[in-house]
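Next come the chains, spelled out residue by residue.
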Amino acid sequence: MTSASRLLQVAAATLVLALSCEARATTDIAWWHAMSGELGKQLEKLASDFNASQSDYRIVPAYKGNYTETVTAAIFAFRSRSQPAIVQVNEVATATMTAAKGAIYPVHSMMRDMGEPFSLNDYLPAVSGYYTDASGNLLSFPFNSSTPILYYNKAMFRDAGLDAETPPKTWPELGAAAKRLREHGAVCGFTTSWPSWIHVENFSAFHNLPLATRANGFAGLDAELTINNPVLVKHVAQLAEWQKTKLFDYSGRGQSAEPRFQNGECGIFIGSSATRADIKAVSKFEVGYGMMPYWPEIAGAPQNSIIGGATLWVLRDRPREEYKGVARFFAYLSQPGVQAAWHQNTGYLPVTRAAFELTRAQGFYGRNPGFSISFEEITLHPPTENSKGIRLGSFVLIRGAIEDELEQAFAGHKSAQAALDAAVERGNKLLRQFERASPDR
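Residues numbered from 1 in each chain as written. Predicted model: local features only at pLDDT ≥ 70, side-chain atom pairs only at ≥ 80, totals over all residues. Heavy atoms only, no water.

Chemist: Please clarify how the overall build of the protein should be interpreted in this entry.
Modeler: What the protein contains, in helices and strands, is 20 helices and 9 strands. The globule rule puts the C-alpha radius of gyration for 441 residues at 22 Å, and the 24 Å found for the protein is close to it. Its C-alpha atoms give the protein principal-axis dimensions of roughly 100 × 50 × 35 Å. Here the protein holds 441 residues, and 55% of them are scored as buried. Considering only intrachain contacts with a sequence separation of at least 6, the fraction spanning at least 24 residues in the protein is 77%. Between the averaged position of the 42 positive side-chain charges in the protein and that of its 42 negative side-chain charges there is a distance of 3 Å. (Helix = DSSP H or I, 4+ residues; strand = E, 2+ residues; numbered from the N terminus. Rg over C-alpha atoms; globule rule 2.2 N^0.38 Å. Buried < 20%, exposed > 50% of the residue type's maximum accessible area, 1.4 Å probe, protein only. Contact = heavy atoms within 4.5 Å. Lys, Arg positive; Asp, Glu negative; His and termini not counted. Charge placed at Lys NZ, Arg CZ, Asp CG, Glu CD.)

Structure below.
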């Protein structure tokens with residue numbers, strides 16, 4: 001073999017070794033999520049942009065179905081030791097995840113252990129507070145957070161002789177506007193999506209009322225529901241009364257009410273801030289925006305709204321190198337520019353005040369009227385025990401029980417008091433079952 005041939009062989013072997021080392025240097029990190037459609041595309045973009053920003057780690061997103069399907073898949077995977085490092089979990093499952101102490105790696109611990117700079121003060125208290133423990137330590141990373149806001153049809157307002165530039169601020173004002181809309185041909189005055197989230201959970205927070213004892217469950221698993229209080233009973237009774245003349249028209253659970261606003265049936269709609277882009281794109285009329293209404297006679301109202309959406313949990317028993325990448329990824333997601341882009345492209349809240357200030361400095365809110373309302377509403381006042389969020393076990397099931405009973409009241413089959421008493425009884429049974437099943441009760 002000639003010297004030239006040997007040199008070529010050595011060079012080739014060196015190149016192969018270098019390439020293999022480079023391949024081994026990139027650590028893959030699985031991220032299971034529940035976002036499809038346009039939101040899924042935005043999530044994929046976050047991952048690809050992070051991957052392009054450095055060469056040590058590669059976030060690998062995988063869609064696993066809706067929130068329930070994604071969490072279920074992660075639980076089964078954990079049992080077979082094939083779990084991802086990151087899983088997206090909806091906010092109402094926070095208590096369930098918190099109780100699974102052996103399965104989760106708290107974000108505050110992971111960031112500290114991996115030496116990644118992290119300050120809870122950078123995050124909005126109304127967002128991060130939902131996901132902290134009793135000592136104020138962040139358990140999971142706030143990701144896609146929304147809150148309810150009011151949408152109204154400006155054309156219908158003008159036709160009814162209402163001020164199209166002034167949304168109703170209180171429930172009496174909303175009732176009066178709905179009456180005018182009905183008198184001028186509207187199929188319904190107003191409707192809402194997510195009945196428990198809006199009319200029980202956020203209603204309670206916005207009026208600084210406890211949803212449950214023990215600081216809405218943050219202070220212990222022995223919490224009990226308090227939603228059959230006089231203020232909430234009065235509110236549900238008023239909705240049921242308005243239902244008789246279609247000033248309010250119940251449209252079902254989840255997002256089923258949204259199309260009724262988009263097609264011009266209902267002049268007012270209360271729904272998630274994260275549906276703003278869809279509403280604006282589909283509606284054939286000028287849309288106005290406002291905060292959730294409140295009852296003016298309730299002291300302390302309006303307080304602040306609470307969030308919906310989901311958060312990112314880190315699961316145990318993955319290699320340390322993956323956790324270093326997760327910490328780097330979370331630090332990347334916290335950057336003002338990244339958060340501002342996510343907020344502007346999706347309608348979800350920015351999780352940091354710096355991202356909000358950047359968005360405002362860029363002139364985005366001036367070009368997109370109403371976009372800042374969700375941020376203003378959730379930061380209206382510093383959160384209290386009643387408006388920090390909810391930490392109740394089995395809350396997905398409890399929410400279902402609440403909505404069962406709300407439907408009974410709206411249909412006139414039960415009084416508001418009887419419906420909410422039944423919701424409390426059913427919900428407390430679920431809370432006691434969760435408490436008995438929790439190892440650290």
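Further notes follow.
Chemist: Would you mind going over helix α8 (residues 171-183) with me for this structure?
Modeler: Counting along an α-helix, one turn takes 3.6 residues, and residues three or four places apart therefore face a common direction. For α8, built from 13 residues, the straight-helix expectation of 18 Å at 1.5 Å per residue is met to within 8% by its first-to-last C-alpha distance of 18 Å. The set of residues buried in α8 consists of Trp171, Leu174, Gly175, Ala177, Ala178 and Leu181. Take α8 and look down its axis: the buried residues cluster within an arc of 165°, on one side only. Lining the buried residues of α8 we find β5 (148-153), α7 (154-159), β6 (188-192), α9 (195-206), α11 (230-243) and β7 (266-272). By the N-cap criterion, in which a side-chain oxygen at the helix start approaches the backbone nitrogen of a residue two or three places on, α8 is capped by threonine 170, the distance to glutamate 173 being 3.2 Å. Glycine 185 sits one or two positions beyond α8 and adopts a positive phi of about 100°. (Expected span 1.5 Å × (residues − 1). Arc of directions from axis to C-beta. Polar contact = N/O pair within 3.5 Å; in protein donor to acceptor, adjacent residues only side chain to side chain.)

Chemist: In this structure, what is going on with the pattern of salt bridges? I would like to understand it.
Modeler: Side-chain pairs of opposite charge can arise where the charged atoms are in close proximity. Tallied over the full model, the rule gives 29 salt bridges. Among the salt bridges present, the one from lysine 244 reaches glutamate 241, with a minimum N-O distance of 3.2 Å. What you see here is one network of salt bridges that share partners, running through Arg253, Glu403, Asp404, Glu405, Glu407, Lys414 and Arg426. (Salt bridge = Lys/Arg side-chain N within 4 Å of Asp/Glu carboxyl O.)

Honestly, it's all geometry; don't read function into it.
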